[in-house]
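Chain residues, written in single-letter form:
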Amino acid sequence: YTDGAGKQWYQRRVRGKMKIVISFLLALPGAYCVDVKSLLDTTYTDGAGKNVTLSELSGKYIGLYFSASWCPDCRQYTPELVKVYNKIHEDKNWQIIWVTEDHNEPDSDNYFKEMPWIRLSWSEKATRGKSM
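Right, let's walk through the structure included here.

## Focus on the overall build of the protein
Argument step 1. Counting its secondary structure elements, the protein contains five helices and five strands.
Argument step 2. Across the protein, helices and strands are ordered from the amino to the carboxyl terminus as α-α-β-β-β-α-β-α-β-α.
Argument step 3. For the protein, buried positions account for 32% of its 132 residues.
Argument step 4. Nonlocal contacts in the protein, meaning residues at least 24 apart in sequence, comprise 59% of its contacts between residues at least 6 apart.
Argument step 5. Total accessible area on the protein stands at roughly 8,700 Å², and carbon and sulfur atoms take up 56% of it.

## Looking at the sheet that holds strand 2 (residues 51–53)
Argument step 1. The five strands lie next to each other as 2-1-5-4-3, forming an open sheet whose pairing is mixed. Both edges of this open sheet fall to strand 2 and strand 3 (61–67), since each of them pairs with a single strand only. Averaged over all adjacent pairs, the angle separating strand axes in this sheet is 40°, with direction ignored.
Argument step 2. Here strand 1 (residues 43–45) pairs with strand 5 (residues 118–120) via two bridges, running antiparallel. Looking across to strand 5, one finds that Thr 45 is bridged to Arg 119.
Argument step 3. Contacts from helix 3 (residues 72–88) reach strand 3 and strand 4 (94–100), with the element oriented near 165° to strand 3.

What counts and what doesn't
- Residues numbered from 1 in each chain as written.
- Predicted model: local features only at pLDDT ≥ 70, side-chain atom pairs only at ≥ 80, totals over all residues.
- Heavy atoms only, no water.
- Helix = DSSP H or I, 4+ residues; strand = E, 2+ residues; numbered from the N terminus.
- Buried < 20%, exposed > 50% of the residue type's maximum accessible area, 1.4 Å probe, protein only.
- Contact = heavy atoms within 4.5 Å.
- Areas by Shrake-Rupley, 256 points an atom, 1.4 Å probe, with all protein chains shown as cover.
- Pairing = 2+ DSSP bridges.
- Axes fitted to C-alpha atoms, helices over the stretch in contact; angles between N-to-C directions.

And the structure:
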């Protein structure tokens, strides 16, 4: 940001989008029923390449984060989400699952290096990722 006004504009923009997303998620259960467990029942990968299963996430709040390296808004939002995640993920039993919207695996892999959470594997993106 070149000045404080630019940062304030961006923060208002993100807050507005988050309100829309939260409102959508609150309305979703009545409009569309999904067997969430079967949808999420796969193996995820952390930044070190360790596999994480759904059973290991039992009792945690799970957020799905859809983004891509080519998306300018995502590139601005991801560092802010990382800050929040780093503050609350242990104390609040919170985990984020990243679902890439990248067009190729190398771009996805490079972008994931900026994230401290787990991700849906590239091989699952075309099948399970499209159902999420």
